[in-house]
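These are the residues of each chain, in order.
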Amino acid sequence: MDATREAEQIVAIEAARTYVASMAQRKPIDLDAPNVGQLLGHLMSAEVLLMEIADAFDDTKTGR
């Protein structure tokens, strides 16, 4: 495995870990009367992080 690819993988995973850790610092979401905008924001952020992780581990990319 080349060092650049390994670094990309580490950065993607650490970004996801940092985001999840920051969730503990935030006000809990009220599931009885959820703030749709807040939930949507969390879902979008999670989706972007998962896409970055998938991209970092994609073996089908040219040159890898």
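Just so it is clear, the structure is predicted and the values come from calculations on it, not from any experiment.

Asks: Looking at this structure, I do not really get helix α2 (residues 36–56). What am I missing?
Replies: Across its 21 residues, α2 extends 30 Å between first and last C-alpha, which sits within 8% of the 30 Å expected from 1.5 Å per residue. By the burial criterion, the buried members of α2 are H42, L49 and A56. Seen from one end, α2 has its buried residues packed into an arc of 55°, which puts them on one side. Away from its buried face by more than 90 degrees, α2 exposes V36, L43, L50 and M51. On its buried face, α2 sits against α1 (3–23).

Asks: Could you clarify how one ought to interpret the pattern of salt bridges in this entry?
Replies: It is possible for side chains bearing opposite charge to pair when their charged atoms get close. Counted by the stated rule, this structure contains two salt bridges. Residue R5 is joined to D59 by a salt bridge in which the shortest nitrogen-to-oxygen separation is 2.4 Å. In this pair, R5 sits in helix α1 while D59 sits in the segment after α2, placing the two residues 54 residues apart along the sequence. Residue R5 is classed as buried on the basis of its relative accessible area, which comes to 13%. The partner of E14 in a salt bridge is R17, and the shortest N-O contact between them spans 2.7 Å.

Asks: Would you take a moment to explain α1 for this structure?
Replies: One full turn of an α-helix is made of 3.6 residues, so residues set three or four places apart face in the same direction. Over its 21 residues, α1 extends 30 Å from the first C-alpha to the last, a length consistent with the 30 Å expected when each residue adds 1.5 Å. Regarding α1, the residues found buried are R5, Q9, A12, A16 and Y19. Summarising the axial view, the buried residues of α1 lie within an arc of 95°, below the 170-degree limit, and thus occupy one face. The exposed residues of α1 that point more than 90 degrees off its buried face are A3, T4, V11, R17 and T18. Residues of α1 that are buried sit in contact with α2. Where α1 begins, the capping side chain belongs to D2, and its oxygen is found 3.1 Å from the backbone nitrogen of T4.

Reading the values: rules and limits
Residues numbered from 1 in each chain as written. Predicted model: local features only at pLDDT ≥ 70, side-chain atom pairs only at ≥ 80, totals over all residues. Heavy atoms only, no water. Helix = DSSP H or I, 4+ residues; strand = E, 2+ residues; numbered from the N terminus. Expected span 1.5 Å × (residues − 1). Buried < 20%, exposed > 50% of the residue type's maximum accessible area, 1.4 Å probe, protein only. Arc of directions from axis to C-beta. Contact = heavy atoms within 4.5 Å. Salt bridge = Lys/Arg side-chain N within 4 Å of Asp/Glu carboxyl O. Polar contact = N/O pair within 3.5 Å; in protein donor to acceptor, adjacent residues only side chain to side chain.

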